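# Observations on the model geometry
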Amino acid sequence: MHETRHRNDYDGDDDDVKRKKKKKRIITREEVSRNNTNESNWIIVDDAVYDVTKFAKYHPGGRQFIDRNAGRDCTLAFYKYHRQDVLKTVAEKFVIGCLPEHELERKETRNIVKNAGDLESVPYGESSAFMNTMMTTKTSLYYSESHVRFRKALRMFFDTNVVPECVQLDERGEHPSKELYELLGKNGLLVARMPKGLWMKDLLDNCECELLAGITYDEFDSFHELIAHEETCRLGVPGYVDGLGAGLVIGLPPVLQFGKPEIAKRVGRECLLGKKRICLAISEPGAGSDVAGLQTIATKDPLTGDYIVNGVKKWITNGQFSDYFTTAVKMEDGTFSLLLIDRAFGGVDTKPIKTSYSSSAGTAYVTYENVRVPKEYLLGKEGKGFMYVMHNFNHERWYIVAGTNAANRLILSECFKWSNQRMVFGKKLIEQPVIRAKLATMTAQIEAVQAWMEQITYQMNVLSHEEQSQILAGPIALLKFFCTRVANLVADEACQIFGGRAITRTGMGRVIEAFQKSNKFAAILGGSEEIMADLGIRQAMKFMPNARL
């Protein structure tokens, strides 16, 4: 067997299709052992029996891997080279039966099959505080039964509706479909990624939308939102994950919070129900973290009061397929404003930018040429755009931390699983002290980020927006700096644990490879590490007493 997850070149014949529809029969190990030639080759993986006779010649690693295991239990051999998801995709059509109950291996020696919706059972596969809530009758300071119910419902939704195709779509660079966006909207998975506000109540009361697991508006809090971000970002396909609404998470809040009521309501409903898509357009070729260096200009029509916008934006996540652009512009007097620009206004052009992750994210170069923006589409007050951008950054950076640490934890889970199944020099990899040390280093750092993030999330629950702006801006900036440094460490240690598989786009190390080439996104977007570190200290110095040693 070969480690590369192959494309389905073998489509099977009518007999295969008919056989798949039949009820799986009970097959003994003795019967499997009699089908041990290349003319009739049956194998066992986990508890299922597969007929791989016809498949052998299509196996990308060569048929010798298949033929030499004919008639045997190949569970250990299979997991040396394949991820479990191969059994649920490519291999499914070759299942002809299952072992009788009395011939199953003891539970502790059998491979654990992870079903749709299951939470991680490996050490630190879920956050400690959350698992403590799950495993005891006492709720934690942060999580309650509704949070547990919500996470399980989201895990089932993504495992059922997104996981089956997301890897292939990410590889092909395809954007998430409009149908999937509308499904996310209908099930409340878009509004659940927004700060709680009356827009959620409006959606739940007046539109075809409800939160999964029966969560009500009154129940919903910042930890439900945290869970929504974590569950979205733990899929192991960074580009496709960002395509699922990264632009919405950072681009819609300013519209909801500062837009004219009628526009905020209409655009909010369109975007939160998945009917339209939105992004945040701030960065430019000559201005990233230096927001004050923006050169996109808005001039006012003296007759109508409308704005005429000219300029370019770069690295705009979801820009390629967005309908709306929450855009930072420089006014004629040198101040900054925020405008909501509809692609339908005309004069808006987007071109794809190829980055180190998938084009599924829709990263775009956006050009505005004499775009006429009606004055009603000004967000907040003219000249106050810089303040609104800063206000929005706290939530954006917190969301980046949530998504990044969810990805960190996914990588940690992959490392635990691989270390426990990989045999080296006759021992499991995890029996090597140096590997346990790497796992310990990653675990401690990830749990530290989680604890700090949950502490800040709790404060977001109890502080007003004004208080959050004053108190949390510095800690969130430092947390983002810490989290992205941890991601760098996790990517490095995971690559060492997986070896050559960590730089292979398919197979056992696919998730590691995707992470190690994309983890730097979080260190740059929303404010670079250097800016975050400096901001955190400058904010702290505002409260520094005038004292000497």
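Scoring rules and cut-offs
- Residues numbered from 1 in each chain as written.
- Predicted model: local features only at pLDDT ≥ 70, side-chain atom pairs only at ≥ 80, totals over all residues.
- Heavy atoms only, no water.
- Helix = DSSP H or I, 4+ residues; strand = E, 2+ residues; numbered from the N terminus.
- Rg over C-alpha atoms; globule rule 2.2 N^0.38 Å.
- Areas by Shrake-Rupley, 256 points an atom, 1.4 Å probe, with all protein chains shown as cover.
- Phe/Tyr/Trp six-rings, centres within 6.5 Å; stacked < 30°, edge-to-face > 60°.
- Buried < 20%, exposed > 50% of the residue type's maximum accessible area, 1.4 Å probe, protein only.
- Contact = heavy atoms within 4.5 Å.
- Core = buried A, V, L, I, M, F, W, Y, C linked by side-chain atoms within 4.5 Å.
- Pairing = 2+ DSSP bridges.
- Axes fitted to C-alpha atoms, helices over the stretch in contact; angles between N-to-C directions.
- Parallel < 35°, antiparallel > 145°, perpendicular 65-115°, else oblique.
- Nonpolar A, V, L, I, M, F, W, Y, C, P; charged D, E, K, R; others polar.
- pLDDT = per-residue confidence, 0-100.
- Left-handed = near helix turned anticlockwise from the far one by under 90°.

### Quick notes on the overall build of the protein chain
The secondary structure content of the protein chain amounts to 22 helices and 14 strands. Over its C-alpha atoms the protein chain spans a radius of gyration of 26 Å, differing by no more than 12% from the 24 Å that the globule rule assigns to 549 residues. Seen through its C-alpha atoms, the protein chain measures out along the principal axes to roughly 90 × 65 × 45 Å. Only carbon and sulfur atoms are counted for the fraction: they give 54% of the accessible area of the protein chain, which is about 25000 Å².

### So, the packing of aromatic side chains
Working definition: an aromatic ring pair is given by the centre-to-centre distance plus the angle between the planes. Throughout the structure, instances matching the rule amount to 15 aromatic pairs. For the pair Tyr142 and Tyr458, a centre-to-centre distance of 6.1 Å together with 55° between the ring planes defines the contact as tilted. Of this pair, Tyr142 sits in the loop between helix 6 (128-135) and helix 7 (145-161) while Tyr458 is found in helix 17 (residues 433-462), placing the two residues 316 residues apart along the sequence. Site record: aromatic cluster; members linked through ring pairs are Phe130, Tyr142, Tyr143, Phe223 and Tyr458.

### Some thoughts on unusual backbone geometry
For Ala213, which is not a glycine, the phi torsion comes out positive at approximately 65°. Tracing the sequence through the fold places Ala213 in the loop between helix 10 (198-206) and helix 11 (222-233). Even without being glycine, Asn370 reaches a positive phi, approximately 50°. Among the structural elements, Asn370 can be located in strand 11 (residues 364-373). Given a relative accessible area of 56%, Asn370 falls into the exposed group.

### Some points on the environment of Val486
Mapped onto the elements of the fold, Val486 is located in helix 19 (residues 473-498). Of the residues examined, Val486 reaches a relative accessible area of 2% and is grouped as buried. For the pair Val486 and Thr404, spaced 82 residues apart in sequence, the C-alpha to C-alpha distance is 9.5 Å. Leave out the neighbours within four places in its chain, and Val486 touches Asn408, Gln445, Ile446 and Val449.

### Considering the nonpolar core
In terms of nonpolar packing, the biggest core is built from 130 residues, with Leu252, Val309, Leu340, Ile341, Tyr368 and Ile497 touching the most fellow members. The greatest single-element share of this core, amounting to 16 residues, is contributed by helix 16 (residues 385-421). Not counting residues within four places of it along the chain, the set of residues in contact with Tyr368 comprises Ala281, Thr296, Val309, Asn310, Gly311, Lys313, Phe325, Thr327, Ile341, Gly347 and Val348. Val86, Val90, Ala91 and Val95 belong to the second-largest nonpolar core, a separate cluster that totals 17 residues.

### Examining the pairing of strand 2 (residues 42-45)
A two-sided burial pattern is seen for strand 2, the buried positions comprising Trp42 and Ile44 on one face and Ile43 and Val45 on the other. Sheet analysis places strand 2 next to strand 3 (residues 48-51), joined by four bridges and oriented antiparallel. Within strand 3, the position partnered with Trp42 by the bridge is Asp51. Counting the residues that bridge the hairpin from strand 2 to strand 3 gives two residues, and of these Asp46 lies at a positive phi of roughly 60°.

### Focus on the packing of helix 6 against helix 7
At their nearest, the axes of helix 6 and helix 7 sit 10 Å apart, and the two run at 105° to each other. With respect to helix 7, the axis of helix 6 lies roughly perpendicular. Contacts from Phe130, Thr133 and Met134 in helix 6 reach His147, Val148, Arg151 and Lys152 in helix 7. Split by residue class, the contact of helix 6 with helix 7 holds three nonpolar, two polar and two charged.

### A closer look at the sheet that holds strand 2
Reading across the sheet, the four strands line up as 1-4-3-2 and stay open at both edges, with mixed pairing between neighbours. The strands lining the two open edges of the sheet, one partner per strand, are strand 1 (25-26) and strand 2.

### Focus on the confidence of the model for the protein chain
Any segment with low pLDDT has predicted coordinates that should not be analysed in fine detail. Summing up the model confidence of the protein chain, the mean pLDDT is 91 and the portion of residues at 70 or higher is 93%. Note on residues 1-22: pLDDT is under 50 here. Beyond four places in sequence and across chains, it has 46 contacts.

### Points about the packing of helix 16 against helix 17
Their axes nearest at 10 Å, the elements helix 16 and helix 17 cross at an angle of 155°. By the angle class used here, helix 16 and helix 17 are roughly antiparallel. Relative to helix 17, the crossing made by helix 16 is left-handed. Of helix 17, the residues touching helix 16 (which contributes Trp398, Val401, Ala402, Asn405, Asn408, Arg409, Leu412, Cys415, Phe416 and Ser419) are Ile435, Leu439, Met442, Thr443, Ile446, Glu447, Val449, Gln450, Met453, Ile456, Thr457 and Met460. Residue classes in the contact of helix 16 with helix 17 are distributed as 14 nonpolar, six polar and two charged.

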